[in-house]
Number of protein chains: 6
Amino acid sequence: DFLRALHEIVPAFGASTDDLERCRLNGMVECGDRHKHIYQRAVLLVEQVKSSDRSPLVTCLLEGPSGSGKSSLAATVGIDSDFPYVKIISAEAMIGLHESTKCAQIAKVFEDAYKSPLSIIILDNIERLLEYIAIGPRFSNLISQTLMLLLKRTPPKGKKLLVFGTTSELGFLDSIGFCDTFSVTYNVPTLKTADAKKVLEQLNVFADNDIDAAAEALNDMPIKKLYMVVEMAAQGQQGGSSQAIFSGQAKINISHFYDILQDTVRY
Amino acid sequence: DFLRALHEIVPAFGASTDDLERCRLNGMVECGDRHKHIYQRAVLLVEQVKSSDRSPLVTCLLEGPSGSGKSSLAATVGIDSDFPYVKIISAEAMIGLHESTKCAQIAKVFEDAYKSPLSIIILDNIERLLEYIAIGPRFSNLISQTLMLLLKRTPPKGKKLLVFGTTSELGFLDSIGFCDTFSVTYNVPTLKTADAKKVLEQLNVFADNDIDAAAEALNDMPIKKLYMVVEMAAQGQQGGSSQAIFSGQAKINISHFYDILQDTVRY
Amino acid sequence: DFLRALHEIVPAFGASTDDLERCRLNGMVECGDRHKHIYQRAVLLVEQVKSSDRSPLVTCLLEGPSGSGKSSLAATVGIDSDFPYVKIISAEAMIGLHESTKCAQIAKVFEDAYKSPLSIIILDNIERLLEYIAIGPRFSNLISQTLMLLLKRTPPKGKKLLVFGTTSELGFLDSIGFCDTFSVTYNVPTLKTADAKKVLEQLNVFADNDIDAAAEALNDMPIKKLYMVVEMAAQGQQGGSSQAIFSGQAKINISHFYDILQDTVRY
Amino acid sequence: DFLRALHEIVPAFGASTDDLERCRLNGMVECGDRHKHIYQRAVLLVEQVKSSDRSPLVTCLLEGPSGSGKSSLAATVGIDSDFPYVKIISAEAMIGLHESTKCAQIAKVFEDAYKSPLSIIILDNIERLLEYIAIGPRFSNLISQTLMLLLKRTPPKGKKLLVFGTTSELGFLDSIGFCDTFSVTYNVPTLKTADAKKVLEQLNVFADNDIDAAAEALNDMPIKKLYMVVEMAAQGQQGGSSQAIFSGQAKINISHFYDILQDTVRY
Amino acid sequence: DFLRALHEIVPAFGASTDDLERCRLNGMVECGDRHKHIYQRAVLLVEQVKSSDRSPLVTCLLEGPSGSGKSSLAATVGIDSDFPYVKIISAEAMIGLHESTKCAQIAKVFEDAYKSPLSIIILDNIERLLEYIAIGPRFSNLISQTLMLLLKRTPPKGKKLLVFGTTSELGFLDSIGFCDTFSVTYNVPTLKTADAKKVLEQLNVFADNDIDAAAEALNDMPIKKLYMVVEMAAQGQQGGSSQAIFSGQAKINISHFYDILQDTVRY
Amino acid sequence: DFLRALHEIVPAFGASTDDLERCRLNGMVECGDRHKHIYQRAVLLVEQVKSSDRSPLVTCLLEGPSGSGKSSLAATVGIDSDFPYVKIISAEAMIGLHESTKCAQIAKVFEDAYKSPLSIIILDNIERLLEYIAIGPRFSNLISQTLMLLLKRTPPKGKKLLVFGTTSELGFLDSIGFCDTFSVTYNVPTLKTADAKKVLEQLNVFADNDIDAAAEALNDMPIKKLYMVVEMAAQGQQGGSSQAIFSGQAKINISHFYDILQDTVRY
Ligand SMILES: Nc1ncnc2c1ncn2[C@@H]1O[C@H](COP(=O)(O)OP(=O)(O)OP(=O)(O)O)[C@@H](O)[C@H]1O
Ligand SMILES: Nc1ncnc2c1ncn2[C@@H]1O[C@H](COP(=O)(O)OP(=O)(O)OP(=O)(O)O)[C@@H](O)[C@H]1O
Ligand SMILES: Nc1ncnc2c1ncn2[C@@H]1O[C@H](COP(=O)(O)OP(=O)(O)OP(=O)(O)O)[C@@H](O)[C@H]1O
Ligand SMILES: Nc1ncnc2c1ncn2[C@@H]1O[C@H](COP(=O)(O)OP(=O)(O)OP(=O)(O)O)[C@@H](O)[C@H]1O
Ligand SMILES: Nc1ncnc2c1ncn2[C@@H]1O[C@H](COP(=O)(O)OP(=O)(O)OP(=O)(O)O)[C@@H](O)[C@H]1O
Ligand SMILES: Nc1ncnc2c1ncn2[C@@H]1O[C@H](COP(=O)(O)OP(=O)(O)OP(=O)(O)O)[C@@H](O)[C@H]1O
Ligand SMILES: [Mg+2]
Ligand SMILES: [Mg+2]
Ligand SMILES: [Mg+2]
Ligand SMILES: [Mg+2]
Ligand SMILES: [Mg+2]
Ligand SMILES: [Mg+2]
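Scoring rules and cut-offs
- Residues numbered from 1 in each chain as written.
- Chains lettered and ligands numbered in written order.
- Predicted model: local features only at pLDDT ≥ 70, side-chain atom pairs only at ≥ 80, totals over all residues.
- Heavy atoms only, no water.
- Helix = DSSP H or I, 4+ residues; strand = E, 2+ residues; numbered from the N terminus.
- Buried < 20%, exposed > 50% of the residue type's maximum accessible area, 1.4 Å probe, protein only.
- Areas by Shrake-Rupley, 256 points an atom, 1.4 Å probe, with all protein chains shown as cover.
- Contact = heavy atoms within 4.5 Å.
- Buried area = accessible area lost by both parts, 1.4 Å probe.
- Salt bridge = Lys/Arg side-chain N within 4 Å of Asp/Glu carboxyl O.
- Polar contact = N/O pair within 3.5 Å; in protein donor to acceptor, adjacent residues only side chain to side chain.
- Nonpolar A, V, L, I, M, F, W, Y, C, P; charged D, E, K, R; others polar.
- Least-squares fit on C-alpha atoms with pLDDT ≥ 70 in both.
- Pairing = 2+ DSSP bridges.
- Phe/Tyr/Trp six-rings, centres within 6.5 Å; stacked < 30°, edge-to-face > 60°.
- Lys NZ or Arg CZ within 6 Å of the ring centre and 35° of its normal.
- Axes fitted to C-alpha atoms, helices over the stretch in contact; angles between N-to-C directions.
- Parallel < 35°, antiparallel > 145°, perpendicular 65-115°, else oblique.
- Left-handed = near helix turned anticlockwise from the far one by under 90°.
- Near = heavy atom within 4 Å.

Trainee: Even after reading the chapter, I still don't get the overall build of chain A, so can you show me in this structure?
Mentor: A count of helices and strands for chain A gives 13 helices and 5 strands. Along the longest, intermediate and shortest principal axes, the C-alpha atoms of chain A span 60 × 40 × 35 Å. Looking at chain A as a whole, 57% of its 267 residues qualify as buried. Taken as a whole, chain A presents about 10,700 Å² of accessible surface, with 50% of it coming from carbon and sulfur.

Structure representation (structure tokens):
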């Protein structure tokens, strides 16, 4: 059944840049030193896999709060590498499938990778791949066992594989001994005031004397949430002002911005 | 199996205003500032989705006690928007179906929405969609995973989607990390004395010098329960008086009203 | 599967007075003020559903200890109403069926009711319908979800429905949030000494100077248990005396009555 | 499936005295006042069911330690009654059957009983029928629900049914609210010294001056265990002496008897 | 399904001495008074079943630490009896079978035994037959129920059955009320220093002045572990010395013996 | 089903040195006294099985932290033995198979071994074979029971079997009583500073005056992790330096080495 499922899947050899690009639809802006450092270290891992015969398998976990930029970072490294096989494994593409079918699809991606001399696989949102839910907790042991084995299985002679995982549930992964299977783990953080300010300057939607206050209010927010708040505030109290603001003709009203921010902060 | 189930469902493209209207059968009355504020903010979200290219997906959760008016509010916003695709997903329409069939039907609604440039989906009574029950607690992890993925999946290029969710089990949704998937959350409250009074004035079933006492007794009651108590009290002690009362010819006897109220308050 | 099951069931439209009469095989006697009050309020609900357009669905829970007379009361109200569709849903009629078949049968009764302008449905012994057992506790979530949805689903335009539920496990129903789905809840109690005396007088099986002592001994007993104890005691110590007693020729020996009572009280 | 199973069973109408006799293979001896009292009360219940129209269903639970004589007592009452349908339902006859098949067989016995004017059903070893095991605890909820419904279902007009249940797990039955479904419950106890002495005198295997000491040592033992200990002791230290002892030619050596007793008492 | 499984099994009537002999491959040596006492009492039970009509079913549990000699003891009694049907039921022979198939096979052995006038059945390693594992704990309730019923079911008229059970998980069996189903229980212990010395003398692998020290070091060890330690030590530090030792030409080096002993004792 | 599965598997008789070699891809270096001692003891067990008739089955567990060298050690002993049948059972080769299929494959390997006079079976990563996960904990009881039986089942007359197990979850195996099934258990440890220094000297990638500091920093690290850290550090801060370093032309920058080390140590 599992084997049959494995063979029924249409082979998808080679890099599907589309899927990777979807992870960073709105382009990338600079968002602080920590993000930059992680990107550089990830590039070093790409080099290591490429150049060393003693490292046929390197695995790296990117963890951090929801929306902090983990998937975009992994996708960017994948795109920037010149590896012939780069593939993202995401639960979004497997909605409603049975856990054994998911396992077969995941194993299939690894089998395909083993046919390429140099490969990158991104396991996006591992907790979702594992069908994790906090109450219980519940998750798929079948998929967990499969991933733990795949993350430690040496590729065939002459093949090399770099795996990135992303997760916002480090505690859970740790509690099932999943983290130890990764060679190295990096924390992708929320933005600090200074980082937020840098992003806001690039967006250019606040008046100059509001920008510090706005950045301060956004301290410790993930990049994704920052974008959403700015979008909501840009509509204005009565709606209709967003076009003027994003074209630079108007600025966001700082007090309306505070109101919006309060709605999104849970009481 | 899941995919087959997905395709067997007859496509239901476009807004089904009937289902929405069923959520507010008895029309809408004004019931206080908080309800009004939430309505206005919801309308701003409609605008944002319509006008901004950087917000292809916005999600909003309406939470509050049972009967506080969440579904009617969401339905009203859906009706008032001029979106070509507005659809309510309700467990009522899926009684007795297997969880995988429910998932397929839910995913189908999202797939249909992705074909429309502007869409609104109402996930009504999320705890019921998840088959939640407090003891255990038990719920469908399959449906939970599906909804969590659908609530974060970016629509195809050029399509925009606004999702409203309603729930009276915020604590549960929070405990499974479900709330964080929403861009913003609003609490739809019970009526305070002042709000109740406003509603009673519009109903015109109490004598003028009883109305304050009645409103006071109804403090902190959800709008739905208020309607039921008034109906029961209008029958009178011996029955038969309701027509006279709702046509304005008679008023509710305040002491009978208190008796009825006591029956509905659990001891 | 569920839908097929739904259609395979032979439609059972209209009131089946037989099933209702079986709930009160031995006729009804007066058994105290509380029972009377609940009966009167239940009749008011019948009126409300009949007369008001704003109350297409009213739901009422009768709860109390085992054997206190809940089912007979609900059946009596159903018989006394002049509604064209009155139906009792009882687990007794579904012994050994799979939970999904039970759901289908229950849903079928509601669908049938929606075809009648005025309907009463009695959900008898809800804890048994839910296959509840205290250890675990265990129960059918499928049936729970189905009932919770049916108890809140507005009937089609122009149709009206009154639902009575009975249970001796209020604590359980409360713990799964089931009680809040009812518009109103009444407690059907055991008999107090005064109530028991009234019943014993109607039965006429004790000597006049024993009747107060007997009623005192029966304090806080449900009506059903009272009947059983009287029957057992009427056999006499050697058996054979019951005919004489129920025909009024002899009286129950009070000290034998105490012996029997002690056997039935668990040590 | 359940219904089909129900019909596939060969109807077994009428009393199968064989099954009842198997419960008391070695005949019955007198074993004390408590046993006698319970027997007499059980006979009264037989009368009540036979003579009263208001008691179409009476249910009686016999509980007590393993081997105390519950099944033999119930079987004896069944044999002594002159009812046309007397049937024992025992898990022994359903080894390895699926729980739904067991339910069908049990329900079948009740259906058969409903065809007879007067019936007795013995539910032997209820905890075993429920597949109860202390760890968990685990048990079949399907069978539990079925039995609880059957124990409260009124027989058809004109038919009368007396049900005896036996169990050595009263605490468990209580914890699932099973005991309240019985009209009356009797405790069948172990033998006290005086009871044991009476039994030993009838067996005539001890020397006259040993009999008091032996009875003392057997205090608080169930009748079944008493028989086993006597048998073991009768073999003698080297074996071979039992025939002489049971034929009255020799007596059990009291000190060997003590040794054996110690082996059977768990340390 | 179960019944079909029951009939598909090839009947295995009569004693299969091969299986019994496999339990004591290396012959039996004397290993202390307690072992001897249990053997003698077991032989008495064989006599009792053979000679008494009132004991058609006798059941005896042998419990003790892993490797203490329970299976060999039971097998020896079985071989030494002159019963026409002696059969061992062992989980080893049912690896990978479904629990219902195991039940059918077990029931089959009992059915076969009922056809023989005198039978012995050995339930070897009951915890393994029950698929017991300490975490949870988990075990097969189906097999538990089956065994509990079989252990109490009286054989057909004129047939007699003696059952030995072995287990090293007395605590577990007790917690599921399994032990009470046995007529008598014996504890098969580890070897004390004196017992170990007796065994070592028979093996003749230590120098005379080492034997007391060796026996002391082996105190409280099960017979099986003792054999393994002696074997390992006999290899010598560099290997190759075992033949000389077991042929009596050399002796085990006592300090190497201590080293080995320490490896096998868990730190 | 299980039996069919058993026969469908293509027989794999004889030693598959390929699978064993894959466990030590990068060759073996000396890594300290403890590793050496365990290797020597394992070789003694090979001798014992070969030479003694009383030890047809010897089982040895190698336990220790992830990456400490357990599998390579077991594989090396297997390769160095001159046994005709040496086989490794690894979960990696059974990804996605159903637990009953895994059981059949495992049992098949033992059956094959029983056909060879001398066999070694390596149960690699037992916790993974058991599908163990810490939360719950969950694991396959079917596979556990199968392994526990296989680890105690005596091979057929004249056949001999040595089993090595490896695990990094000793606590778990202990808690299910799994460890007691092994004749002897050895702990394969992490490297101490002195061991790490020895390995680093053989690798020759640090400057002479850095090697002590590096070894100190690597104290208590498993051999596998040590290799990975050295590889990562060898890339250099800007990448590209690894070839020079491993060819001996350059040395690892000690401060970059510290940086890398810190990344891999979880905060
Ligand atoms: N450096 C960046 N510049 C601009 N936009 C960014 C940057 N990093 C992330 N984003 C945007 O922020 C959003 C969230 O980023 P991303 O999905 O990578 O976060 P995540 O950590 O993977 O979140 P989740 O935990 O929800 O999977 C994306 O829409 C992405 O386009
Ligand atoms: N503003 C309003 N004016 C008049 N009626 C209202 C208003 N809001 C709600 N109602 C009525 O109150 C009832 C309950 O409202 P609604 O179903 O929206 O509440 P809810 O919060 O969704 O309840 P639940 O938690 O049970 O789903 C409906 O019958 C609706 O018609
Ligand atoms: N007012 C009454 N007069 C005479 N008999 C009554 C009356 N009420 C109840 N009974 C009798 O008492 C018995 C138990 O009543 P009923 O079945 O209605 O109780 P219940 O509360 O539904 O019990 P349960 O919790 O077991 O379902 C019935 O046999 C019924 O005939
Ligand atoms: N009064 C009696 N005289 C002689 N033998 C009796 C008597 N009562 C019971 N026995 C014998 O004792 C044995 C056990 O009795 P029985 O099976 O009725 O006990 P039980 O309480 O049903 O036990 P269990 O709990 O194991 O089902 C039977 O073999 C029966 O023959
Ligand atoms: N009296 C004896 N003389 C010689 N060898 C014995 C003796 N008793 C047991 N043995 C040997 O010890 C080993 C273990 O004995 P056995 O299998 O009977 O123990 P057990 O208690 O059944 O163990 P387990 O709990 O593992 O089933 C067997 O190989 C058996 O040959
Ligand atoms: N003595 C050694 N010399 C050189 N390399 C070694 C040595 N021992 C182990 N290794 C290497 O270390 C790595 C890990 O060793 P191995 O897989 O045997 O560890 P393990 O304890 O089985 O780990 P796991 O718990 O993850 O299964 C392997 O790549 C192996 O080549
Ligand atoms: Mg992501
Ligand atoms: Mg709602
Ligand atoms: Mg009732
Ligand atoms: Mg019994
Ligand atoms: Mg054994
Ligand atoms: Mg390993």
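So much for the structure itself; the text now carries on.
Trainee: Can you walk me through the interface of chain C and chain D in this structure?
Mentor: In many reports, interface size means the accessible area that the parts give up when they come together. Contacts between chain C and chain D engage 36 residues on the former and 41 residues on the latter. Of the roughly 3,400 Å² buried between chain C and chain D, counting both surfaces, carbon and sulfur atoms make up 54%. Where chain C meets chain D, there are 2 salt bridges. One salt bridge in this structure joins Arg54(D) and Glu231(C), with 2.5 Å as the shortest N-O distance. In this assembly, chain C and chain D are joined by 13 residue pairs in polar contact (both at pLDDT 80 or more). Those elements that place two or more of their residues in the side of chain C that touches chain D are α11 (223-234), α12 (242-246) and α13 (254-264) of chain C. Along the lines of polarity and charge, the residues of the side of chain C that touches chain D split into 12 nonpolar, 13 polar and 11 charged.

Trainee: Would you mind showing me how to read the relation of the copies chain F and chain A here?
Mentor: Superposition of chain F onto chain A requires a rotation of 60° combined with a translation of 0.0 Å along the rotation axis, giving an RMSD of 0.0 Å. What the superposition gives is, in effect, a six-fold axis relating one chain to the other. When C-alpha positions in chain F are compared against the rotation axis, the closest is assigned to Gly136(F), at 9.0 Å. In this assembly, only 3% of the residues forming the interface of chain F have copies in chain A that are likewise at the interface, indicating a heterologous arrangement.

Trainee: Please explain the pairing of strand β2 (residues 85-90) of chain C as it appears in this structure.
Mentor: Remark: a regular strand shows side chains that alternate across the two faces of the sheet. All names here are of chain C. With respect to burial, β2 is a largely interior element, 6 of its 6 residues being buried. Bridging between β2 and strand β3 (residues 118-124) involves 6 bridges; their strand directions are parallel. Directly across from Ile 89, in β3, lies its bridge partner Leu 123.

Trainee: Honestly, the packing of aromatic side chains in this entry has me stumped. Any pointers?
Mentor: Remark: the centre distance and the inter-plane angle together describe each pair of aromatic rings, the angle taken between the planes. Taken as a whole, this structure holds 30 aromatic pairs over all chains when the rule is applied. Measuring from centroid to centroid gives 4.9 Å for Phe206(A) and Phe257(A), while their planes differ by 80°, and the two rings are edge-to-face. Placement of Phe206(A) in the loop between α9 (193-203) and α10 (211-217) and of Phe257(A) in helix α13 (residues 254-264) is noted, with a sequence separation of 51 residues between them. On the basis of relative accessibility, which here comes to 2%, the residue Phe206(A) falls in the buried class. By the ring-pair criterion, three or more aromatic residues cluster together here, those being Tyr132(A), Phe139(A) and Phe172(A). The side chain of Arg54(A) reaches across the aromatic face of Phe246(F), ending 3.6 Å from its centre.

Trainee: Would you take a moment to explain the relation of the copies chain C and chain D for this structure?
Mentor: Copies of the same chain, two in number, are related to each other by a rotation about an axis and a translation along it. Rotating chain C by 60° and moving it 0.1 Å along the rotation axis overlays it on chain D with an RMSD of 0.1 Å. The residues that chain C uses at the interface reappear at the interface of chain D in only 3% of cases, marking distinct surfaces.

Trainee: Looking at this structure, how should I read the packing of α11(C) against α13(C)?
Mentor: Packed helix pairs are specified by the crossing angle of their axes together with the interaxial distance, meaning the distance between the axes. Residues and elements named next belong to chain C. At a minimum axis separation of 9 Å, α11 and α13 run at an interaxial angle of 130°. Taken as axis vectors, α11 and α13 run oblique relative to one another. Pair α11 / α13 crosses with right-handed handedness. Across from Lys 225, Val 229, Met 232 and Ala 233 in α11, the residues of α13 making contact are His 256, Phe 257, Ile 260, Leu 261 and Thr 264. Residues belonging to the contact of α11 with α13 are distributed by class as follows: 6 nonpolar, 2 polar and 1 charged.

Trainee: Sorry, what's going on with helix α7 (residues 141-150) of chain A here?
Mentor: One turn of an α-helix holds 3.6 residues; hence residues three or four places apart share an orientation. Burial runs high along α7(A): 9 of the 10 residues are buried. Those residues of α7(A) that sit buried are Asn141(A), Ile143(A), Ser144(A), Gln145(A), Thr146(A), Leu147(A), Met148(A), Leu149(A) and Leu150(A). Summarising the contacts, the buried residues of α7(A) are in contact with α5 (99-114), β3 (118-124) and α6 (126-129) of chain A together with α6 (126-129) of chain F.

Trainee: Got a minute to help me understand the site of ligand 2 in this structure?
Mentor: Taken together, 17 residues lie near ligand 2, and Val29(B), Lys70(B), Ser71(B), Ser72(B) and Lys152(C) sit nearest. Taken together, the residues near ligand 2 originate from chains B and C. In the environment of ligand 2, an oxygen atom lies 3.1 Å from a nitrogen or oxygen atom belonging to the backbone of Ser68(B). Ser72(B) has a polar side-chain atom sitting 2.3 Å from an oxygen atom of ligand 2. Burial of ligand 2 by the surrounding chains reaches 88%, relative to a free accessible area of 620 Å².

Trainee: Sorry, what's going on with the sheet that holds strand β4 (residues 160-167) of chain E here?
Mentor: Picture the strands of a sheet paired through backbone hydrogen bonds; they go either parallel or antiparallel. Residue and element names in this part refer to chain E. Spatially, β2-β3-β4-β1-β5 is the arrangement adopted by the 5 strands of the open sheet, whose pairing is parallel. Edge positions in the sheet fall to β2 (85-90) and β5 (184-187), since each has one partner strand and no second. Within this sheet the neighbouring strands show an average axis-to-axis angle of 15°, counted without direction. With 7 bridges joining them, strand β1 (residues 57-63) and β4 adopt parallel strand pairing. Note on β4: the bridge partner recorded for Leu 57 is Leu 161. Sheet strands in contact with helix α4 (residues 70-80) are β1, β2, β3 (118-124) and β4, and its direction is about 165° off that of β4. Of the strands in this sheet, β2, β3 and β4 are in contact with helix α5 (residues 99-114), which crosses β2 at around 170°.

Trainee: Please clarify how the interface of chain F and chain A should be interpreted in this entry.
Mentor: At the interface, 36 residues of chain F touch 40 residues of chain A. Of the roughly 3,300 Å² buried where chain F meets chain A, counting both sides, 54% is carbon and sulfur surface. Where chain F touches chain A, the interface holds 2 salt bridges. Measuring nitrogen to oxygen at the nearest pair gives 2.3 Å for the salt bridge that ties Asp263(F) to Arg41(A). Here chain F and chain A share 13 residue pairs in polar contact (both at pLDDT 80 or more) between them.

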